Amino acid sequence: MISIRELRFAYGSGFALDLPALDVAARERVAVVGPSGAGKTTLLNLVSGIAVPDRGRVTLDGTEIGALPDRARRRLRAASIGFVFQEFALVDYLNAEENVLYPYRVGAGLRLDRAARDRARALLADFGLGGKTRRRPAELSQGERQRVAIARALVTRPKVILADEATGNLDPANKAAALDLLFAQATDTGAALLCVTHDHELLPRFDRVIDFAELRQAA
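These numbers were taken from a predicted model, which means no experiment stands behind them. Here the residue numbers are simple positions, counted from 1 along each chain's written sequence. Where local features are concerned, this predicted model is filtered to residues with pLDDT of at least 70; where side-chain atom pairs are given and counted, the filter is 80 or more; whole-chain, interface and lining totals use all residues. Computation of side-chain values: all heavy atoms of the structure, hydrogens and water removed.

Novice: Account for the overall build of the chain, naming residues and giving values.
Specialist: Strands are runs of DSSP state E lasting at least two residues, helices are runs of H or I lasting at least four, and both sets are numbered from the N terminus onward. Along its length, the chain carries 8 helices and 9 strands. Principal axes of the C-alpha set define a box for the chain whose edges measure 50 × 40 × 35 Å. Put simply, the chain has 219 residues, and 52% of those count as buried. In what follows, a contact means two residues having at least one pair of non-hydrogen atoms within 4.5 Å. Long-range contacts, defined here as pairs at least 24 residues apart, represent 71% of the contacts in the chain between residues at least 6 apart. Accessible surface computed for the chain: about 10,000 Å², of which carbon and sulfur atoms make up 46%. For every residue, the accessible area obtained with a 1.4 Å probe (protein chains only) is divided by the maximum for its type, and the residue is called buried under 20%, exposed over 50%, and partly exposed between those limits. Residue burial considers only the protein chains on display, and all accessible areas are found by Shrake-Rupley using a 1.4 Å probe.

Next comes the structure, spelled out in structure tokens:
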């Protein structure tokens with residue numbers, strides 16, 4: 001589902017990311033660990049098409065995402081990728097339900113119908129937010145905002161789920177519930193799950209753990 005070959009990406013600041021190869025299969029649940037500043041978030045940005053490699057290929061379900069023009073990458077991201085951002089990236093003026101449904105506002109070809117609305121409400125209920133669907137982000141706690149962000153990543157039933165510290169602000173019970181939903185999505189829809197985490201207690205639940213420092217040293 002995700003395939004990277006001979007990738008290089010550099011910022012103007014001098015930071016450069018080199019990866020020889022990385023593959024994540026459909027339904028595979030992969031955790032990425034490593035020191036801060038190693039480029040783990042940059043990896044997720046490259047897989048999602050937010051960033052484009054300077055060299056090499058990032059392929060998503062057979063499509064080389066870096067070769068697409070910006071508009072096509074945005075369409076692909078909205079339709080096929082669920083991204084849980086580390087800082088949530090919720091829209092301040094939208095309520096919780098509207099934030100979960102935000103991909104339908106920006107994704108050409110995504111149909112905002114009753115089924116999508118029902119799915120959004122069900123996800124919020126699964127996260128214990130059924131009574132807070134009309135609250136805006138400023139009216140929610142850190143953990144509640146994180147759960148809204150996870151629900152948004154799952155609502156379109158994407159082919160690829162990317163999570164950047166998705167459980168970092170959650171208490172143990174909600175952390176377990178979040179992982180259960182992420183894993184269930186990967187199983188039910190055949191999605192590949194790539195999750196950056198510093199929480200080593202979670203690692204036994206994943207199919208595979210990648211040490212990002214070792215992966216980069218192989219380049």
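Novice: So what's going on with the pairing of strand β1 (residues 2–10)? Residues and values would help.
Specialist: Both faces of the sheet carry side chains from a regular strand, because those side chains alternate between them. Strands pair, by our definition, only if DSSP identifies at least two bridges between them. Across 8 bridges, the pairing between β1 and strand β2 (residues 16–24) is antiparallel. Its bridge partner lying in β2, Phe9 is registered against Leu17. With antiparallel pairing between neighbouring strands as the criterion, β1 and β2 make up a hairpin whose turn holds 5 residues, including Gly14 at a positive phi of roughly 110 degrees. Inspection of the sheet shows β1 paired to strand β4 (residues 55–60) by 5 bridges, in the antiparallel sense.

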